[in-house]
Amino acid sequence: MKYVSEFRQEEPARRLAGKIHQLMEDIDRKISLMEVCGTHTMAVFRYGITDLLPEKLHLLSGPGCPVCVTSNDYIDKAVAYAHQDKVIIATFGDMVKVPGSRSSLAQEASEGAQVKVVYSSLEAIKIAQRNPQKKIIFLGIGFETTAPTVAASILMASKGDISNYLVFSGHKIMPPAMQALVENHQIGIDGFLCPGHVSTITGSKIYEFLARKYRIPCVVAGFEPLDILESIHLLLSQIKSGQAKVENEYRRAVTYQGNLKAQKLMDMVFEKRSTSWRGIGEIPGSGLKIRKEYSSFDAEVRLPLKVAKSREHPGCICGDILRGLKSPLDCSLFKRVCTPSHPVGACMVSNEGTCAAYYKYSEGRV
Ligand code: SF4
């Protein structure tokens, strides 16, 4: 199969692993590389990539799973919206199971709230058209990858005068979060495997400030085993030679400028604001708010609400895991209490969550 099988071959993988071992011998110190994409985290475990790497080379899983980084405050508000009269919550499936401070959407649905799982924001618009007497609140979760499609849905609702379609925006953008992680010296990141999906929209240019200002090597990486190994190889080559630049390993999908049409859509509908990331906290300019021109589709404007102060489950260390400080194996609840069918924290819910990846693929390896 074109663009898949070529990137899964064993022999080239072993050759790359050999080069990585050689580079690590030359560098001769502990190196920590962070992957900032949940799909990378899953791929690393699925293909057993850590088994091929030298001991001193650490892959840290960062805040790349959109469901995982969504704060409890957002979940609590979504639950509060679900309680309101004549409201239907439309959401991607993962969000339903994420536990908030006191409840989850799944729990609310089992008690009568109207929660519909959709595969796109356009499906949510169709629900709005079929239910004119109700307000449909679409939970806008995700990074630069999904924000343009949600922006398009708001424009569509605006043109079609679908006034009962609202979006509760929890959208986030990557660069400010990566900057916050680099500035946290406790983590000690030597290089970034930059998110492939996000980069298809933004282009590789958005990481240049990390190389220029912080001297952090960055490589935009694809999702097949050879993509990831080659990207690690490129990062180590930069580290060995004392360079810091942005390289694009995922050239078959990512360009320097990115998808300009999608960027324009996003800019038309959203503006930046400060927002809270699970585990990292408030990061200025890292969230997307619906612009005033489209505020009639903004759930926060049309249906403002206040919820009690949010709280985390006392045993869950999702926050530390999302900052790359701990692994799921450090969590006393992992596998014993917290499982994909009974998740205690967000990182066990989504397929892209680090705890879910460990649960699914780490048997016998860790
Ligand atoms: S295993 Fe469960 S409780 Fe522990 S950090 Fe992960 S999501 Fe939280």
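Summary of the structure given here. (Residues numbered from 1 in each chain as written. Predicted model: local features only at pLDDT ≥ 70, side-chain atom pairs only at ≥ 80, totals over all residues. Heavy atoms only, no water.)

For the rest of this paragraph, the subject is the site of the ligand. Inspection of the region around the ligand gives Cys316, Ile317, Cys318, Ile321, Cys331, Leu333, Phe334, Cys338, Val344, Gly345, Met348 and Cys355 as its neighbouring residues. Here the ligand occupies the largest cavity. Here the residues of the shell around the ligand are counted per class, giving 11 nonpolar, 1 polar and no charged. (Near = heavy atom within 4 Å. 1 Å grid on protein atoms, 1.4 Å probe; cavity = no way out; pocket = protein on both sides within 12 Å on 5 of 7 lines; lining within 4 Å. Sits in = over half its atoms within 2 Å of the grid points. Nonpolar A, V, L, I, M, F, W, Y, C, P; charged D, E, K, R; others polar.)

Moving on to the pattern of salt bridges. Applying the stated criterion to the full structure yields 13 salt bridges. Here Asp298 makes a salt bridge to Lys289, at a shortest N to O gap of 3.9 Å. Note on Asp298: relative accessible area 1%, which makes it buried. The partner of Asp320 in a salt bridge is Lys326, with the nearest N and O atoms 3.6 Å apart. (Salt bridge = Lys/Arg side-chain N within 4 Å of Asp/Glu carboxyl O. Buried < 20%, exposed > 50% of the residue type's maximum accessible area, 1.4 Å probe, protein only.)

This paragraph deals with the layout of surface pockets. The computed volume of the largest pocket comes to approximately 600 Å³. Around the largest pocket, the lining is made up of 26 residues, and of these Thr50, His58, Leu59, Ser327 and Tyr358 lie nearest the centre. Mapped onto the lining of the largest pocket, the elements with two or more residues apiece are strand E1 (31-35), helix H2 (38-46), strand E2 (57-61) and helix H16 (354-361). The element contributing the most residues to the lining of the largest pocket is E2, with 5 residues. (Points joined across faces, edges and corners; volume = space filled by probe spheres on them. Helix = DSSP H or I, 4+ residues; strand = E, 2+ residues; numbered from the N terminus.)

Turning next to the nonpolar core. Judged by nonpolar contacts, the single largest core of 71 residues is most densely connected at Ile89, Leu105, Ile137, Phe192, Tyr207 and Leu210. Sort the elements by how many residues they give to this core and helix H4 (residues 72-83) lands first, with 6 residues. Those residues in contact with Phe192 that lie beyond four places of it in its chain are Met34, Val36, Met178, Val182, Leu210, Ile216, Pro217, Cys218, Val219 and Leu235. (Core = buried A, V, L, I, M, F, W, Y, C linked by side-chain atoms within 4.5 Å. Contact = heavy atoms within 4.5 Å.)

Applying the stated criterion across every chain yields a total of 1 disulfide. Paired by a disulfide, Cys65 and Cys68 hold their sulfur atoms 2.4 Å apart. Given an S-S torsion of about 75 degrees, the disulfide between Cys65 and Cys68 has right-handed geometry. Using a relative accessible area of 4% as the deciding quantity, one classes Cys65 as buried. Cysteine Cys218 remains unbridged, with the sulfur of Cys194 as its closest cysteine sulfur at 4.1 Å. Overall, the relative accessible area of 0% leaves Cys218 in the buried class. (Disulfide = S-S within 2.5 Å.)

All right, on to the packing of helix H8 (residues 147-159) against helix H13 (residues 260-269) then. For the pair H8 and H13, the least separation of the axes is 8 Å and the interaxial angle reads 60 degrees. Comparing the axis directions of H8 and H13 gives the class oblique. In the packing of H8 onto H13, the handedness of the crossing is left-handed. Across from Ala147, Pro148, Ala151, Ala152, Ile154 and Leu155 in H8, the residues of H13 making contact are Ala262, Leu265, Met266, Met268 and Val269. Taken together, the residues of the contact of H8 with H13 sort by class into 11 nonpolar, no polar and no charged. (Axes fitted to C-alpha atoms, helices over the stretch in contact; angles between N-to-C directions. Parallel < 35°, antiparallel > 145°, perpendicular 65-115°, else oblique. Left-handed = near helix turned anticlockwise from the far one by under 90°.)

Looking at H16, one finds that the buried residues are Thr354, Cys355, Ala356, Ala357 and Tyr358. Summarising the contacts, the buried residues of H16 are in contact with H2, E2 and helix H15 (318-322).

The next point concerns the sheet that holds strand E4 (residues 115-117). Overall, parallel pairing links the 4 strands, which are arranged E4-E3-E5-E6 in an open sheet. The open sheet has two edge strands, E4 and strand E6 (165-169), and neither has a second partner. Between one strand axis and the next, the sheet turns through 30 degrees on average, direction left out of account. Pairing between strand E3 (residues 87-91) and E4: 3 bridges, direction parallel. Residue Ile89 lies in a different strand from E4, and its bridge partner there is Val115. Contacting E3, E4, strand E5 (135-140) and E6, helix H7 (residues 121-130) runs over the sheet at an angle of about 170 degrees to E5. Those strands touched by H8 are E5 and E6, and its axis lies near 150 degrees from that of E6. (Pairing = 2+ DSSP bridges.)

Leave glycine aside and you will find that most residues have negative phi; peptide bonds, for their part, are mostly trans. The backbone of Asp161 shows a phi angle near 55 degrees, a positive value even though the residue is not glycine. Position of Asp161 among the secondary structure elements: in the loop between H8 and E6. In this structure, Lys335 takes a positive phi of about 70 degrees despite not being glycine. With respect to the element layout, Lys335 can be found in the loop between H15 and H16. For Lys335, a relative accessible area of 31% translates into the label partly exposed.

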